[in-house]
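# Working through the structure, step by step
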Amino acid sequence: MTEAAAEPGRAHRPGAGRTARAAAAARRIPRLPAPAWDSLLPALLLLNAATTPAPREPVLTVALTAALALPLLWRRRAPLAVFGAVVTAALVQWLLDIQLPADIAVLVALYTLAARSARRTTLVAGAVVQAGVLLACLRWAPDGAFLTPFVAVTAMTAAAAVLGMNVRTTRAYLAAVEERAEHLEREQQQQARLAVAEERARITREMHDIVTHNLSVMVALADAAGYARQRSPERADAAMRQISETGRQALTDMRRSLGVLRADEPDAERHPLPGIAQLDALAEQMSAAGLPTGLAVEGDHGHLPATAQLTVYRLVQEALTNALKHTPAGTRATVRIRCDAGTVTVDVADTGPRPPASAAAPPSSGHGIPGMRERAAAYGGTLRAGPLPGGGWAVRTRLLLDSAGAVSA
């Protein structure tokens, strides 16, 4: 199989395989450590001084070569000190009127200083080297040929300084890119953790609403079935069937809410989410459980997002569940939903008195009235829950569908 066939959609380019193999071979070549590179030039300069016959004073030539070359071993750790040592050795060499090939060490020291120091330090060091170039050309340039060596050595000096500054700029850029990449990675991890926490909070709210509502209905139906078992077996049988249906619905809702945690959960188990269209069934269920509930929906709710309809459903469900749990027999409830172009108003009221303790919100957030406030706040709404002047309890809120702060219900 060819390389192009192995990767569908990738165009075959002539020589691409050879280029990839060459790059892979280059990556396999062992790289010398930095100390080995730093010791290579001093070793070559000392070997040249020791093996090349010197026109005068061989010992002094080797000593000056060592003074120029050996400091380069520490050029990465102390570039400024190495530059000073090399320039001092070059000045001594000029005073003794000895011309050496080891003068290349001055350019190497200048390059290292430019690559690891500030721009101002590099400019000062370049001026010092340029002064040395002028002195060297004045002394050692052939008669009548001053300009050519001066320009050539000046160009090499400028090249060493510019190359070092470019290396320093590249390193700073790569460091900034690496820091930005690390920052983005940390930010992505933080966003992922926040998303997980938000999803857990959403599932917690869903499970609280599902379990609290359905268990409350099942308990009320079970009490009614036990009470009617002797006097009206038909009503008891109907209540038991309603308990079974409520339990199955609770299991379906739990699978729907927890299905997002399982990759193999079929989409049919998760959709559709309950919405305003299911409020009729909810009102019938509450009526069967002992809380006669009237429902009135004004306006067209077909254009509402699924998450907004789920929020309305859960708000009504929680309000009716609280009424079922905290009010005596004979209490009636009314639900009014008004759908406008950009808002949805939810109004749930009951006629029963509440025990004083029920007026206080539970201390833990995400349950009961605090959970309802969280759902309303997700759509820019403020939930009001409290007793009515003429008796009873009411829960009112208005959801802003175009609110910038709307989040997942």
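See the structure above.
The notes below deal with the structure included here. Computed from a predicted model, the values in this text were never measured in an experiment. (Residues numbered from 1 in each chain as written. Predicted model: local features only at pLDDT ≥ 70, side-chain atom pairs only at ≥ 80, totals over all residues. Heavy atoms only, no water.)

What follows concerns the nonpolar core. Judged by nonpolar contacts, the single largest core of 37 residues is most densely connected at Leu279, Val312, Val316, Leu320, Ile337 and Val344. Contributions of two or more residues to this core are made by helix 8 (147-228), helix 11 (279-288), helix 12 (306-326), strand 2 (333-339), strand 3 (343-350), helix 13 (368-377) and strand 5 (393-400). With 9 residues, helix 12 is the single largest residue contributor to this core. Once residues within four sequence positions are removed from consideration, Leu279 is found in contact with Leu295, Val312, Tyr313, Val316 and Ile337. Counting 27 residues, the second-largest nonpolar core is a separate cluster that includes Leu100, Leu110, Leu113 and Phe150. (Core = buried A, V, L, I, M, F, W, Y, C linked by side-chain atoms within 4.5 Å. Buried < 20%, exposed > 50% of the residue type's maximum accessible area, 1.4 Å probe, protein only. Helix = DSSP H or I, 4+ residues; strand = E, 2+ residues; numbered from the N terminus. Contact = heavy atoms within 4.5 Å.)

Each strand in a sheet pairs with its neighbour through backbone hydrogen bonds, running either in the same direction (parallel) or in the opposite one (antiparallel). Taken in spatial order, the 5 strands line up as 1-2-3-5-4 in an open sheet, and their pairing is mixed. With one partner strand each, in any of the chains shown, strand 1 (293-298) and strand 4 (384-387) form the two edges of the open sheet. Sheet twist, expressed as the mean angle between neighbouring strand axes with direction ignored, is 10°. Bridge count between strand 2 and strand 3: 7 bridges; the pairing is antiparallel. Paired with Ala333 across the two strands is Asp350, which belongs to strand 3. Sheet strands touched by helix 11: strand 1 and strand 2. Its angle to strand 1, the strand with the most contacts, is close to 165°. Packing of helix 12 onto the sheet brings it into contact with strand 1, strand 2, strand 3 and strand 5, and relative to strand 3 it is tilted by some 10°. (Pairing = 2+ DSSP bridges. Axes fitted to C-alpha atoms, helices over the stretch in contact; angles between N-to-C directions.)

What follows concerns the pairing of strand 4. Bridge count between strand 4 and strand 5: 4 bridges; the pairing is antiparallel. Following the sheet pairing, Ala385 is matched in strand 5 by Val395. The antiparallel pairing of strand 4 with strand 5 creates a hairpin that spans 5 residues between the two strands, and Gly391 there sits at a positive phi of about 105°.

Right, let's get into helix 5 (residues 79-95). A rise of 1.5 Å per residue sets the reference length of helix 5, with its 17 residues, at 24 Å; its end C-alpha atoms lie 24 Å apart and thus fit the reference within 8%. On the buried face of helix 5, the contacting elements are helix 4 (58-69), helix 6 (104-116) and helix 7 (119-140). Positive backbone phi, approximately 60°, marks Asp97, located one or two places after helix 5. (Expected span 1.5 Å × (residues − 1).)

Before going further, it helps to spend a moment on the packing of helix 8 against helix 13. In the contact formed by helix 8 and helix 13, the axes pass within 11 Å of each other and the chain directions differ by 130°. Here helix 8 lies oblique to helix 13, going by the angle between them. Taken as a pair, helix 8 and helix 13 cross one another with a handedness that is left-handed. Across the interface between the two elements, Arg205, Glu206, His208 and Asp209 from helix 8 touch Gly368, Gly371, Glu374 and Arg375 from helix 13. (Parallel < 35°, antiparallel > 145°, perpendicular 65-115°, else oblique. Left-handed = near helix turned anticlockwise from the far one by under 90°.)

Geometrically, a pair of aromatic rings is defined through the distance of the ring centres and the angle of the planes. This structure, assessed with the given rule, holds 1 aromatic pair. With 5.3 Å between their ring centres and 20° between their planes, Phe146 and Phe150 make a pair best called stacked. In this arrangement the basic side chain of Arg139 is found over the ring face of Trp94, its NZ or CZ atom lying 4.1 Å from the centre. (Phe/Tyr/Trp six-rings, centres within 6.5 Å; stacked < 30°, edge-to-face > 60°. Lys NZ or Arg CZ within 6 Å of the ring centre and 35° of its normal.)

Here we take up a negative patch on the surface. There is a patch of like negative charges on the surface, built from Glu178, Glu179, Glu182 and Glu185. Here Glu182 falls in the partly exposed class, since its relative accessible area comes to 36%. (Patch = residues over 30% accessible without salt bridge, like charges linked within 9 Å, V, L, I, M, F, W, Y side chains within 5 Å. Areas by Shrake-Rupley, 256 points an atom, 1.4 Å probe, with all protein chains shown as cover. Salt bridge = Lys/Arg side-chain N within 4 Å of Asp/Glu carboxyl O. Lys, Arg positive; Asp, Glu negative; His and termini not counted. Charge placed at Lys NZ, Arg CZ, Asp CG, Glu CD.)

On the surface, Trp37, Leu40 and Leu44 cluster together into a nonpolar patch covering about 320 Å² of accessible area. Positionally, Leu44 belongs in helix 3 (residues 34-51).

A few words now on helix 13. Within helix 13, 7 of the 10 residues are buried, which leaves the element mostly enclosed by the surrounding structure. Within the sequence span of helix 13, burial applies to Gly368, Ile369, Pro370, Gly371, Met372, Arg375 and Ala376. On the buried face of helix 13, the contacting elements are helix 8, helix 12, strand 4 and strand 5.

This part covers the side chain of Arg314. Counting through the fold element by element, Arg314 comes out in helix 12. Its relative accessible area of 2% is what places Arg314 among the buried residues. If we ignore the near neighbours within four places in the chain, the residues touching Arg314 are Glu206, Asp209, Ile210, Pro274 and Arg375.

Running from amino to carboxyl end, helix 6 crosses helix 8 at an angle of 30°, the nearest separation of the two axes being 7 Å. Here helix 6 is positioned roughly parallel relative to helix 8, judged by the angle of their axes. Two packed elements cross with a definite hand, and for helix 6 against helix 8 that hand is right-handed. Contacts between helix 6 and helix 8 involve Leu107, Leu110, Tyr111, Ala114, Ala115 and Arg116 from the former and Met156, Thr157, Ala160, Ala161, Leu163, Gly164, Met165, Val167, Arg168 and Arg171 from the latter.

Opposite charge on two side chains permits them to pair, given that their charged atoms come into close proximity. Taken as a whole, this structure holds 2 salt bridges when the rule is applied. Across the pair Arg396 and Asp347 runs a salt bridge, and its minimum N-O distance is 3.1 Å. One end of the pair, Arg396, is in strand 5; the other, Asp347, is in strand 3, and 49 residues separate them in sequence. For Arg396, a relative accessible area of 35% translates into the label partly exposed. Classification of Asp347 as buried rests on a relative accessible area of 18%.

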